Amino acid sequence: MLEIRNLHATVDGREILKGIDLVIHPGETHAIMGPNGSGKSTLANVIAGREGYEVTEGEVLFDGKNLLEMAPEVRACEGLFLAFQYPVEIPGVANLYFLKAAVNAVRKYRGEPSVDAMDFWDLVQERMELVKMDESMLKRSVNEGFSGGEKKRNEVFQMAVLQPRFAVMDETDSGLDIDALRVVADGVNALRGPERGFLVITHYQRLLDYIVPDHVHVLFNGRIVRSGGKELALELEEQGYALYNEEPGRARRAAA
Amino acid sequence: MSSVAPVVQNPFRQQFAAFAAGRREPDAIARLRREGLDRFASLGWPTRQQEAWRLADLGALAQIDLQRPADALVDAGVLPTLDLPVHRLTFVNGRFAPGLSRLRELPGQALIASLGQALLTHPERIEPHLERLPGLSQHPFAALNTAFWEDGAFVYLPRTTVAETPLHLIFHATGDDIAVYPRLLLVLEDGAQATVVVEYRGKGRYLNAPVAELQLGAGAVLHYHQVQEEASQAFHLGGVRVRQGRDSQANLHLVSFGGQLARTDLDTLLDGEGASCVLNGLILAHDRQMGDYHVRVEHAQPHGSSEQLFKSVLDGQARSVFDGMIHVRPHAQKTDARQSNRNLLLSKQARANANPRLEILADDVKCGHGSTTGFLNPDALFYLRARGIPAEQARTLLVHAFANDSLNRIQLTPLRERLASSLADCLALGNIEEQ
Ligand SMILES: Nc1ncnc2c1ncn2[C@@H]1O[C@H](COP(=O)(O)OP(=O)(O)OP(=O)(O)O)[C@@H](O)[C@H]1O
Ligand SMILES: [Mg+2]
């Protein structure tokens, strides 16, 4: 459902992504790991359509459609979701109001009428329970004054309400205690299904105990230098990325 | 007299002779008018050399040969409504329009009337208060108003009178090359309470130079709303004077949408212990509009508190000015005075000027002020769009969120809702439902 081919992207003229190839099929969950600054969030942002990233080569197809030509909101309406590494605070816009605007925007795009108020409330209640979010957060401004963990939970909550077909989770586990981690994982697992795909960016193998990936990739210096099964995450946890840093050749050999 | 004031060519003196000759009113009032005219003559037409008028471009106004307005009729359909039972007084070109006014039953000795009429029936209620408040002494257009006001609203609530029904005061101007000088005198005796909505609006190219005087006795509570929606070619140069007695509360909401140049000078004197005020101002301007608040809050007594929140949203080449002074007299210990000015620029050509000023002469006070100016947060825009919300709608949402901070302080729901939709129209953005 997501095909990334030879993707090169620059920020301020500096090449960050140096030829990414990645194919994710419906029903699959892929994990990306890699050291700080390797380009993980850049990849997520390019997929979601954030300004300031220039794609200099390659393509990204979503269900065969050219994703890179779509405005960010169109990508979202097509069923793409990005759980932000750093969710933005938006003072003055109530969380619930924002969510309803988002749901209705997607419905409008699909030619459906606005969501029925009662149906929406039922959905919200149900999803709130799923991520164990407090009802008071609905009335508060989007992410304003939320703790780090609450912000991440809010991302998963939004995802659970919007029910995208493909979600990129950018370090949704960072800064979470073990209970919160489980909640986030439950939120993701509840959505997993044969029609949905996930790209989970993380630094910690521990998340992958809960969200068990089909494939793990190592992103290093703008390239996927290695791919493997879930056991790769364990290996990385033990050995770190030093291997890739010192001897790219050996890494490639190890990958082969 | 300043050498730049072209008093000899000042057409106002000539106009005044004819105007004053036709008035039938107490001598004391006639004297006030002459003093107003003299004060205008000595202040002169403002120039950009004067600090207080440095950023105001009155060139286009100076080109107009301002005449006194003709009598005019307006259709009731063009007047704003509030969807509430109100006492309504309407003035067209500064003159009372009884046919467009409606007073409901008033408690006891309360009086809500045309100022001109009340001056004939109750001069003793008016003379002790009219033009008695300090403030605006350097404001040439307030001086002109004192010379030339024809009519306005008089609101008098005796001790402990609570006016449950809001007062809706509509000042409509219509015509080209005219100047109107409406007046509002509001006297709340000790413990009285009132909610007032003042609307300035019109059609044509005119100058509206209103003056409002608001007096609050001990423990009085006032909710005052002033909505400036003048015609796009109009000039609005108004003044508000407030004096607050002990433990009184003044909540003043000023919203400015219209006019090519709209400025309000607001002088508040906290003249009793424990008096408090909230001054909530919002400017929305686009194209080449200019909106300006000059605010002075004077703490004269201990334990007073004041909170100023002034915001502007500017599109096109619009400009805003916020000049805000907090003055704390030596005696006014335990004062808590805060001021915040926040400006949102929707275009690269828009410009906001902030000039916060503090004069703190007491040592045991809490004072704070801050000013920020910026564009819409691109990260917030992206966040909304990444959830499927189209760019325009996302922009609208964020502008509303910014302005709602001001609008949400307005407790009068029908007014707040109307202003929210005016805001959308004003900025030519899509309307969104209230949160
Ligand atoms: N908007 C931007 N402006 C400038 N530089 C950027 C921007 N976005 C990314 N970069 C740079 O691109 C490189 C990759 O950053 P990216 O955020 O993609 O890393 P990451 O793999 O997500 O790291 P982390 O694990 O710390 O989140 C870094 O050197 C970063 O400074
Ligand atoms: Mg990152």
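Residues numbered from 1 in each chain as written. Chains lettered and ligands numbered in written order. Predicted model: local features only at pLDDT ≥ 70, side-chain atom pairs only at ≥ 80, totals over all residues. Heavy atoms only, no water.

*Asks:* Even after reading the chapter, I still don't get the overall build of chain B, so can you show me in this structure?
*Replies:* Within chain B, the secondary structure is distributed over 9 helices and 21 strands. The C-alpha atoms of chain B give 21 Å as radius of gyration, which agrees with the globular expectation for 435 residues (22 Å, within 12%). Reported as C-alpha extents along the three principal axes, the dimensions of chain B are approximately 70 × 50 × 50 Å. The 435 residues of chain B split such that 60% are buried. Across chain B, the fraction of contacts at a sequence separation of at least 24, relative to all contacts at a separation of at least 6, is 83%. (Helix = DSSP H or I, 4+ residues; strand = E, 2+ residues; numbered from the N terminus. Rg over C-alpha atoms; globule rule 2.2 N^0.38 Å. Buried < 20%, exposed > 50% of the residue type's maximum accessible area, 1.4 Å probe, protein only. Contact = heavy atoms within 4.5 Å.)

*Asks:* What should I look at first to understand the overall build of chain A in this one?
*Replies:* Looking only at helices and strands, chain A has 11 helices and 12 strands in total. Taking 18 Å as the expected radius of gyration for a compact globule of 256 residues, we find that chain A reaches 18 Å, a close match to that expectation. Overall, chain A is about 60 × 40 × 35 Å in size when its C-alpha atoms are taken along their principal axes. Residue burial in chain A is summarised as follows: out of 256 residues, 54% are buried. Of all intrachain contacts in chain A linking residues separated by at least 6 positions in sequence, the fraction that spans at least 24 positions is 69%.

*Asks:* Which parts of the structure should I look at to understand the confidence of the model for chain B?
*Replies:* In low-pLDDT segments, the atomic positions of the prediction should not be examined closely. Residue and element names in this part refer to chain B. Scored by pLDDT, chain B has a mean of 93; 96% of the residues are at 70 or more. Segment residues 430-435: pLDDT under 50, and 18 contacts once partners within four positions in sequence are set aside and those in other chains are kept. Reported for the predicted complex are a pTM of 0.89 and an ipTM of 0.94. (pLDDT = per-residue confidence, 0-100.)

*Asks:* Can you walk me through the coordination of the magnesium ion (ligand 2) in this structure?
*Replies:* Around a metal, the perfect tetrahedron of four donors has angles of 109.5 degrees, and the perfect octahedron of six donors has angles of 90 or 180 degrees. All names here are of chain A. Within the protein, the magnesium ion (ligand 2) binds to Ser41 (OG) and Gln85 (OE1); these donor distances fall in the range 1.9 to 2.2 Å. Here Ser41, found in helix 1 (residues 40-48), pairs with Gln85, found in the loop between strand 6 (80-83) and strand 7 (90-94); they are 44 residues apart in sequence, far enough to count as distant. When its relative accessible area of 15% is taken as the criterion, Gln85 is described as buried. (Donors = N, O, S within 2.8 Å, 3.2 Å for Na, K, Ca; no water.)

*Asks:* Could you clarify how one ought to interpret the environment of Leu67 of chain A in this entry?
*Replies:* Residue and element names in this part refer to chain A. With respect to the helices, strands and loops of the structure, Leu67 is situated in the loop between strand 5 (65-66) and helix 2 (72-77). Residue Leu67 is classed as buried on the basis of its relative accessible area of 0%. In sequence terms Leu67 and Glu78 are 11 residues apart; their C-alpha atoms lie 9.5 Å from each other.

*Asks:* Looking at this structure, how should I read the site of ligand 1?
*Replies:* Residue and element names in this part refer to chain A. In the vicinity of ligand 1 lie 16 residues, with Arg14, Lys40, Ser41, Thr42 and His203 positioned nearest. A distance of 3.0 Å separates an oxygen atom of ligand 1 from a polar backbone atom of Gly39. For ligand 1, a nitrogen atom lies 3.1 Å from a polar atom in the side chain of Tyr53. Summarising the interface, the protein chains cover 67% of the accessible area of ligand 1, which totals 630 Å² for the free molecule. Taken together, the elements giving at least two residues each to the shell around ligand 1 come down to strand 2 (14-24) and helix 1. In terms of residue count, the dominant contributor to the shell around ligand 1 is helix 1 (3 residues). In terms of residue class, the shell around ligand 1 is made up of 4 nonpolar, 8 polar and 4 charged. (Near = heavy atom within 4 Å. Polar contact = N/O pair within 3.5 Å; in protein donor to acceptor, adjacent residues only side chain to side chain. Areas by Shrake-Rupley, 256 points an atom, 1.4 Å probe, with all protein chains shown as cover. Nonpolar A, V, L, I, M, F, W, Y, C, P; charged D, E, K, R; others polar.)

*Asks:* How should the packing of aromatic side chains be read in this particular structure?
*Replies:* The geometry of an aromatic ring pair is captured by the separation of the ring centres together with the interplanar angle, meaning the angle of the planes. Residue and element names in this part refer to chain B. If you walk through the whole model with that rule in mind, you get 18 aromatic pairs over all chains. Note that Arg33 overlies the ring of Trp149, its terminal NZ or CZ placed 4.4 Å from the centroid. The aromatic ring of Phe375 is capped on one face by Lys348, whose charged end is 5.9 Å from the ring centroid. (Phe/Tyr/Trp six-rings, centres within 6.5 Å; stacked < 30°, edge-to-face > 60°. Lys NZ or Arg CZ within 6 Å of the ring centre and 35° of its normal.)

*Asks:* Just to check I follow, could you spell out the UniProt feature "domain: SUF system FeS cluster assembly SufBD N-terminal" (unreviewed entry) in chain B for this structure?
*Replies:* Taken from the UniProt record, the annotation "domain: SUF system FeS cluster assembly SufBD N-terminal" (unreviewed entry) applies to residues 26-168 of chain B. Structurally, residues 26-168 of chain B comprises 29% helix and 14% strand, and the distance from its first C-alpha atom to its last is 28 Å. (UniProt positions renumbered as here; feature names shortened; annotations may be inferred.)

*Asks:* I'm lost on the sheet that holds strand 12 (residues 223-228) of chain A in this one. Help?
*Replies:* Pairing between the strands of a sheet comes from backbone hydrogen bonds, and it takes one of two forms, parallel or antiparallel. Residues and elements named next belong to chain A. Pairing within the open sheet is mixed, and its 6 strands lie in the order 6-9-10-3-11-12. Strand pairing shows two members of the sheet lacking a second neighbour, strand 6 and strand 12, which therefore form its edges. Taking the axes of each pair of neighbouring strands and ignoring which way they run, one obtains an average angle of 20 degrees across the sheet. Note: strand 3 (residues 29-33) against strand 10 (residues 197-201), 4 bridges, orientation parallel. In the sheet register, Ala31 faces strand 10, and the bridge partner there is Val200. This element, helix 6 (residues 148-162), spans strand 6, strand 9 (166-170) and strand 10 of the sheet and lies at about 165 degrees to strand 6. (Pairing = 2+ DSSP bridges. Axes fitted to C-alpha atoms, helices over the stretch in contact; angles between N-to-C directions.)

*Asks:* Please explain the pairing of strand 17 (residues 305-314) of chain B as it appears in this structure.
*Replies:* Residue and element names in this part refer to chain B. The element strand 17 is extensively covered by neighbouring structure, given that 8 of its 10 residues are classed as buried. Both strand 15 (residues 276-285) and strand 17 contribute to a ladder of 10 bridges, which runs parallel. Following the sheet pairing, Val278 is matched in strand 17 by Glu307. By the bridge criterion, 10 bridges tie strand 17 to strand 19 (residues 336-345) in an arrangement that is parallel. Directly across from Ser305, in strand 19, lies its bridge partner Asp336.

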